[in-house]
Structure formats: structure tokens, C-alpha cells
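# Fold and contact review
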Amino acid sequence: MTLNHVRRGSGSPLLLVHGLGAGWRSWSPILDGLAESREVIAVDLPGFGETPPLTGEVSIATLTDSVADFIREQGLGGVSTVGQSMGGRIVLELARRGVGGDTVALDPGGFWSDREVAVFGATLRPSIAAVRALRPVLPALLSNPAGRTVLLAQLSARPWALLRETVLPDVRGLADSPATGAAMDALTKGPKQQGAPAGSVPGRVTIGWGRRDLVTVPRQAARAIELFPDAVLHWFDRCGHFPQWDAPHEATRLILDSTA
């Protein structure tokens, strides 16, 4: 399967892998900033954006396979990779496999305890059901601070301060993407993320975490660093699960400074 993707800018290539939501458009708040100094390639994972769903099993392993295949098909060996949420888990899995170059994972999934993943599923699934039910009125609801606060309190530290244009693509993506349910099952019912022994990853690893993340809660960062001992941990203050929403300038700087 060839992943739908966009390319912006010029320079050393940088591959962006999204989480649940809008596909490559999830990166819109920081895409142009990154493309000022890099060639940015942002993909739609299978079943998101304009890439068709997988025909077989949907798991973190098979989603990672699709990105690894894309890297090989596009001649991007050694490319620096950046992912957020589920995408953060995928780029760490690529690094664990020895695929790619420098890696930046923002609020990655897969490092939760059994109780935490149960809470994640029990809270996010109703939120997804709600945005599906509210699909016709999402633009109106997200146009005012009160509506953004109600709908996005789990995802953002300051939802009232965000622009509708920033959040609407991801919220619509949660409602519309054919792979949302299968990807949620992969995250909540599949295995947790495996680690990589010191010295085994192909480049630098940076893990960024929002101190106010209510999806992948901050205490999970310690587990991530334990499993990826080569990684450097960066904390985003006053930031929830989407650094590209809550701290776009800081996220852009971290990505550019942490990748070659």
C-alpha cells in the first residue's frame, strides 16, 4: 500500500506520522514552520485521511509496517521521523526495529499500566462517539471557547485559547476516519510498547511530553525513558496531548533541534 502524503519545503527530509484524527492535516499548525528549513513528508496512515484502510489485521505492528514500507519505497532510508500519540508510538517502534534516523515522539502511547489503558479506552471511546453524534454541528461548537472547552478538555490544556481551524480537522478525523475504531482496539487491546536496549537505535531519540496530558498521563514518561534508555525527555509545560496545538513554536523548535 502506498500511503497518501504531502511534501513541503526543501532540505534534509523529515517524516511526520500522525495519531488518531485527521491524518497528515494533524500537523497543520507546525507544518509550514518545519518546512521553512526541511523537506517535510507528512503521511496519512492506512484508514486515515486519503489512504485506504488495511485489508488485514490492524495493529501497531501492521501500521508500523506500512510506514516502514513507505520509507523503503520512497528511498528515505535514514530519514528522521516525528510522531504524536499513536504516531509517536509508531516512530519509536521504527527506531526499535532500526528503521530511520533521529526520532522525536510526542506524547506516545503504549507505556501505560493496565489500569491506565483501561481508563484511556473508557474515556476516549465515549468522546469519539460524542463527536460522531455531533458531526453536523462540530464547526459551530468549535467556533466558541465554551464549545472547545467542553469537547477538548481531555486533549488540550487550554482548549478555549485554540483556533477552530487548528482543532476541527482532528476532531472531524476522529469522527470520520474508517480506521479509528480498529486503531483504538490496537492501542487498548494489543501489546504494550517494547523498548530498545541502549545503543541499539539508529539515531538520537527525543521524547516530548505534555505536563497536563490527560490521555497519555505524564507518569508514563518514566516508563518510556526506562524502555528507551538512549532517549532524552523534554517536558512541555502548560501542554496537553497535542503539543502542535498547545505549544506549536516549542514543538517546532524541539523537532528541528533534535533531528538532522
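Residues numbered from 1 in each chain as written. Predicted model: local features only at pLDDT ≥ 70, side-chain atom pairs only at ≥ 80, totals over all residues. Heavy atoms only, no water.

This part takes up the pattern of salt bridges. All told, the structure shown has 16 salt bridges when counted by the stated rule. With its nearest N and O atoms 3.2 Å apart, the salt bridge here joins Glu 93 to Arg 97. Here the residue Glu 93 and the residue Arg 97 both occupy positions in helix α3 (residues 86-97), the gap between them amounting to four residues, near one helical turn. Arg 135 is the partner of Asp 176 in a salt bridge, and the nearest nitrogen-oxygen pair spans 2.9 Å. With Asp 176 in helix α7 (residues 164-176) and Arg 135 in the loop between α4 (114-133) and α5 (138-141), the pair connects residues that are 41 residues apart, well separated along the chain. Classification of Asp 176 as partly exposed rests on a relative accessible area of 43%. Residue Arg 135 is classed as partly exposed on the basis of its relative accessible area, which comes to 28%. Taken together, the shared-partner salt bridges connect Asp 65, Glu 93, Arg 96 and Arg 97 into one network. (Salt bridge = Lys/Arg side-chain N within 4 Å of Asp/Glu carboxyl O. Helix = DSSP H or I, 4+ residues; strand = E, 2+ residues; numbered from the N terminus. Buried < 20%, exposed > 50% of the residue type's maximum accessible area, 1.4 Å probe, protein only.)

Further remarks concern the packing of α4 against helix α8 (residues 180-189). For the pair α4 and α8, interaxial distance at closest approach is 10 Å and the crossing angle is 170°. In terms of orientation, α4 lies roughly antiparallel with respect to α8. For the pair α4 and α8, contact is made by Val 117, Phe 120, Gly 121, Leu 124, Arg 125, Ile 128 and Arg 132 and by Thr 180, Gly 181, Met 184, Asp 185, Leu 187, Thr 188 and Lys 189, respectively. Looking at side-chain class alone, the contact of α4 with α8 contains six nonpolar, four polar and four charged residues. (Axes fitted to C-alpha atoms, helices over the stretch in contact; angles between N-to-C directions. Parallel < 35°, antiparallel > 145°, perpendicular 65-115°, else oblique. Contact = heavy atoms within 4.5 Å. Nonpolar A, V, L, I, M, F, W, Y, C, P; charged D, E, K, R; others polar.)

UniProt's feature table lists "domain: AB hydrolase-1" (unreviewed entry) at residues 14-250, given in the numbering used throughout. Taken end to end, residues 14-250 comprises 44% helix and 12% strand; its first and last C-alpha atoms sit 17 Å apart. (UniProt positions renumbered as here; feature names shortened; annotations may be inferred.)

Now for α7. Between its terminal C-alpha atoms α7 stretches 17 Å, which fits the 18 Å expected from 13 residues at 1.5 Å a residue. Within the sequence span of α7, burial applies to Thr 166, Val 167, Leu 168, Asp 170, Val 171, Gly 173, Leu 174 and Ala 175. Those residues of α7 that are buried lie in contact with α1 (28-35), α4, α5, α6 (145-152), α8 and α10 (243-246). (Expected span 1.5 Å × (residues − 1).)

This part is about the environment of Gly 203. Counting through the fold element by element, Gly 203 comes out in the loop between α8 and β6 (205-210). Here Gly 203 falls in the partly exposed class, since its relative accessible area comes to 22%. Linking Gly 203 and Pro 136, residues 67 residues apart in sequence, is a C-alpha distance of 44 Å.

As summarised here, the arrangement of the seven strands in space is β1-β3-β2-β4-β5-β6-β7, forming an open sheet in which the pairing is mixed. At either end of the open sheet lies a strand with only one pairing partner, and these are β1 (5-8) and β7 (232-236). Averaged over all adjacent pairs, the angle separating strand axes in this sheet is 15°, with direction ignored. As paired strands, β6 and β7 are joined by five bridges and run parallel to one another. When the sheet's bridge partners are listed, Ile 207 is paired in β7 with Leu 233. (Pairing = 2+ DSSP bridges.)

With respect to the element layout, Thr 51 can be found in the loop between β3 (39-43) and α2 (60-73). On the basis of relative accessibility, which here comes to 4%, the residue Thr 51 falls in the buried class. Here the side chain of Thr 51 touches Asp 44 through a polar contact of 2.8 Å, landing on its backbone oxygen. Excluding residues that lie within four positions of it along the chain, Thr 51 makes contacts with Met 1, Thr 2, Leu 3, Asn 4, Asp 44, Leu 45 and Pro 46. (Polar contact = N/O pair within 3.5 Å; in protein donor to acceptor, adjacent residues only side chain to side chain.)

Bringing the packing of α1 against helix α11 (residues 248-258) into the picture now. Where α1 meets α11, the closest approach of the two axes is 10 Å, and the angle between their N-to-C directions is 45°. Comparing their axes, α11 and α1 come out oblique. When the axes of α1 and α11 are compared, the crossing they make is right-handed. Contacts between α1 and α11 pair Pro 29, Ile 30, Gly 33 and Leu 34 from the former with Pro 248, Thr 252, Ile 255 and Leu 256 from the latter. (Left-handed = near helix turned anticlockwise from the far one by under 90°.)

Judged by nonpolar contacts, the single largest core of 56 residues is most densely connected at Leu 15, Val 17, Leu 20, Val 67 and Met 86. With near-sequence residues (within four places) excluded, Val 17 lies in contact with Trp 27, Val 43, Leu 45, Val 67, Val 82, Gly 83, Gln 84, Gly 87, Ile 90 and Val 91. One finds Leu 16, Trp 24, Leu 31 and Val 40 within the second-largest nonpolar core, a separate group that totals 21 residues. (Core = buried A, V, L, I, M, F, W, Y, C linked by side-chain atoms within 4.5 Å.)

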